[in-house]
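# Geometric and topological summary
If you want the building blocks of each chain, they are given just below.
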Amino acid sequence: MAHEPQFRFTSVTTRMVMVTFGIFISAFVWLVVATYPGFFLFNPFAVENSARAAVLTLTTVGWIVLALAPVTIFSFYAAGYRNSLRALPIAALIWPVSLVVNHISLFIQDGKIYTGYLLDYPIFIATDILLPVLLVTIWFELRHPAHPVHKHLAPKS
């Protein structure tokens, strides 16, 4: 009988996976922003309507949080700061919630639903829907204090 090597999860492996995952998610968002700068990079105060400017500011904050939070949260988590995970669902949902608010405000203003971009540019399905769902799912799994991953990280909080 051949001996099969056993893979053992170590604290170093766990930390590397967490940090690498955070880097990947954040880099993915930044790459989408770089690919479609006109969609993301604009002055929200350039519009005359102050309510519209507020909604556009909210969306700007939303995508910036989605771009920065995964690498930050997973790095802190890998360093042993378990409480950093508490911010994950908030960080994951700011962007899609801001988009829903934006779409509702546009519907009220113009009477049109502007969601066709999801079909025209399917990558936005990943950033606007799949990525937030993935991050909330990971939080939902890791939030339990007895999760096996926690034992590989030195608790600091």
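Use the structure listed above.
Computed from a prediction, not measured in an experiment: that's the story for all the values here.

## Structural notes on empty space enclosed by the protein
- In total, this model carries one cavity of 30 Å³ or more according to the counting rule given.
- For the largest cavity, the calculated volume is near 40 Å³.
- Taken together, Val29, Val32, Phe40, Trp63, Leu66, Trp95 and Thr127 form the lining of the largest cavity.
- Of all the elements in the fold, those that place two or more residues in the lining of the largest cavity are helix 1 (11-35) and helix 3 (50-78).
- For the lining of the largest cavity, the class distribution of residues is six nonpolar, one polar and no charged.

## Observations concerning the packing of aromatic side chains
- This structure, assessed with the given rule, holds 15 aromatic pairs.
- Centroid distance Phe40 to Phe124: 6.0 Å. Interplanar angle 50 degrees. Geometry classified as tilted. With Phe40 in helix 2 (residues 37-40) and Phe124 in helix 6 (residues 123-142), the pair connects residues that are 84 residues apart, well separated along the chain. One exposure class covers both Phe40 and Phe124, and it is buried.
- Both rings, one in Tyr117 and one in Phe124, keep their centres 5.7 Å apart while their planes meet at 65 degrees; by these two values the pair is edge-to-face.
- Taking relative accessible area as the criterion, Phe124 reaches 2% and is therefore assigned buried.
- Through pairs of rings, three or more aromatic residues link up here, namely Trp30, Tyr36, Phe39, Phe40, Trp63, Trp95, Tyr117, Tyr121 and Phe124.
- Its end group placed over the ring of Trp139, Arg143 keeps NZ or CZ at 5.5 Å from the ring centre.

## So, the environment of Pro89
- Relative to the elements of secondary structure, Pro89 occurs in helix 4 (residues 88-110).
- Residue Pro89 is classed as buried on the basis of its relative accessible area, which comes to 13%.
- Sequence separation of Pro89 and Leu135 is 46 residues, and the distance between their C-alpha atoms is 6.8 Å.

Thresholds, definitions, all that
Residues numbered from 1 in each chain as written. Predicted model: local features only at pLDDT ≥ 70, side-chain atom pairs only at ≥ 80, totals over all residues. Heavy atoms only, no water. 1 Å grid on protein atoms, 1.4 Å probe; cavity = no way out; pocket = protein on both sides within 12 Å on 5 of 7 lines; lining within 4 Å. Points joined across faces, edges and corners; volume = space filled by probe spheres on them. Helix = DSSP H or I, 4+ residues; strand = E, 2+ residues; numbered from the N terminus. Nonpolar A, V, L, I, M, F, W, Y, C, P; charged D, E, K, R; others polar. Phe/Tyr/Trp six-rings, centres within 6.5 Å; stacked < 30°, edge-to-face > 60°. Buried < 20%, exposed > 50% of the residue type's maximum accessible area, 1.4 Å probe, protein only. Lys NZ or Arg CZ within 6 Å of the ring centre and 35° of its normal.

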